[in-house]
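# Residue-level structural notes
Each chain, letter by letter, is given below.
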Amino acid sequence: MALTDSLTRRLPTRITTMTRILAIATLVSNIGIMVTGGAVRLTDSGLGCPEWPRCTPESWVSTPEMGIHGAIEFGNRLLTYVLIAISMAMFLAIVRLWDSHRPLVVRSLLIGLGIPLQGVIGGITVWTNLNPWVVGLHFVLSSVLVMLAAQLLHRVNLELRHDGEAGRPLVDGPVDSVSSAMAPVVLGASWIAVVLGTIVTGTGPHAGDPGAPRHGFDPDLVTRLHTIPVWVLCAATLAILVRQLRHQASPAQRKATWWLVGVILGQATIGYVQHFTGLPILLVLLHMLGSAVLIAAAIVLVDRLRAPYRTRGLDRGAPTQASAPR
């Protein structure tokens, strides 16, 4: 017990630049494993390790006989341990701030719990021979972790930017009723687009293994359905942008909106080009990366327009009533 108390007292009691570095690593690593997971599927390496948690019934690791597909799949599994290490470091960096920065600690904890859950779902994908519904669930949970990581980084940046001053709101400029109403539409449409995107992918040719099952939907139909929430997202984002141009939005709010506009334009361009060029692997991989960035950009914009979060200050201590955890 004394040793535990001694180690606990060594943990940080302030948000520092190192906290920000760990938050960046948390976001980048969770986006990164989505991309490497996509690479596993796009190279037909989804069953490179045909068992889970072992790679084969006899071995925990890939063997030379399994070739490049086994190496790719096993390499992606190893990245899970990198994510676990980063999430543990992130949690330890802020756990002593539970009383004052509870929203940050909770997000860090949820990310840490979500990573091993991802591993379990990954195992189920192997057991089900890459069932497209399970593969889609795997991608959606990764997107949830990216969203939490983006919020965590955004709020850590806010705390550092105001240098220990408590009570500074994340919403740092006027927000009219239209922008406020459109913010959840942006987030909701982004999520629907991502979920429908997994169905489009599960209907397409990149199954992860030649023998893996596919959705029996019409590819053109599910692609058209996928574009509906994208157009809703475009309309809601445009409405927010127009209102900000007509009113005194803060620079941070405008930056968040323009960043989302750029992501939408990039995703739309990649999406249409990949559709009309037969889904080349590189473009599909870029589109998956864009999906992760889209969720991150959407939640940052929503935070800038609606989040009740206020800075708690860098020093550990009880939050004021105005900054009660949300």
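Read on for a plain summary of the structure.

Reading guide: rules and limits
- Residues numbered from 1 in each chain as written.
- Predicted model: local features only at pLDDT ≥ 70, side-chain atom pairs only at ≥ 80, totals over all residues.
- Heavy atoms only, no water.
- Axes fitted to C-alpha atoms, helices over the stretch in contact; angles between N-to-C directions.
- Helix = DSSP H or I, 4+ residues; strand = E, 2+ residues; numbered from the N terminus.
- Parallel < 35°, antiparallel > 145°, perpendicular 65-115°, else oblique.
- Left-handed = near helix turned anticlockwise from the far one by under 90°.
- Contact = heavy atoms within 4.5 Å.
- Nonpolar A, V, L, I, M, F, W, Y, C, P; charged D, E, K, R; others polar.
- Disulfide = S-S within 2.5 Å.
- Buried < 20%, exposed > 50% of the residue type's maximum accessible area, 1.4 Å probe, protein only.
- Expected span 1.5 Å × (residues − 1).
- Polar contact = N/O pair within 3.5 Å; in protein donor to acceptor, adjacent residues only side chain to side chain.
- 1 Å grid on protein atoms, 1.4 Å probe; cavity = no way out; pocket = protein on both sides within 12 Å on 5 of 7 lines; lining within 4 Å.
- Points joined across faces, edges and corners; volume = space filled by probe spheres on them.

At a minimum axis distance of 9 Å, the contact between helix H5 (residues 132–161) and helix H9 (residues 281–306) shows a crossing angle of 45°. Of the possible angle classes, the one that applies to H5 and H9 is oblique. The two elements H5 and H9 meet at a crossing, and its hand is right-handed. On H9, the residues that touch Phe139, Ser143, Val146, Met147, Ala150, Gln151, His154, Arg155 and Arg161 of H5 are Met288, Ser291, Ala292, Ile295, Ala296, Ile299, Val300, Asp303 and Arg304. Across the contact of H5 with H9, the residue classes break down as 10 nonpolar, 4 polar and 4 charged.

The next point concerns the state of the cysteines. One pass over the full model with this rule turns up 1 disulfide. Note that Cys49 is cross-linked by a disulfide to Cys55, the S-S spacing being 1.9 Å. The S-S bond linking Cys49 to Cys55 shows a torsion near -75°; that makes this disulfide left-handed. For Cys49, a relative accessible area of 0% corresponds to the buried category. On the basis of relative accessibility, which here comes to 0%, the residue Cys55 falls in the buried class.

With 26 residues, helix H2 (residues 17–42) should reach 38 Å at 1.5 Å per residue; the first-to-last C-alpha distance of 37 Å fits that figure. Here H2 starts with a cap whose side-chain oxygen sits 3.3 Å from the backbone nitrogen of Met18, and that cap is Thr16.

Remark: the empty space left among the atoms is shown by a probe the size of a water molecule rolled over them. When its volume is computed, the second largest pocket comes out at roughly 580 Å³. His154, Asn157, Arg161, Lys255 and Val300 are the residues nearest the centre of the second largest pocket, which is lined by 21 residues in total. Elements represented by at least two residues in the lining of the second largest pocket include exactly H2, H5, helix H8 (251–276) and H9. Per-class residue counts for the lining of the second largest pocket are 13 nonpolar, 3 polar and 5 charged.

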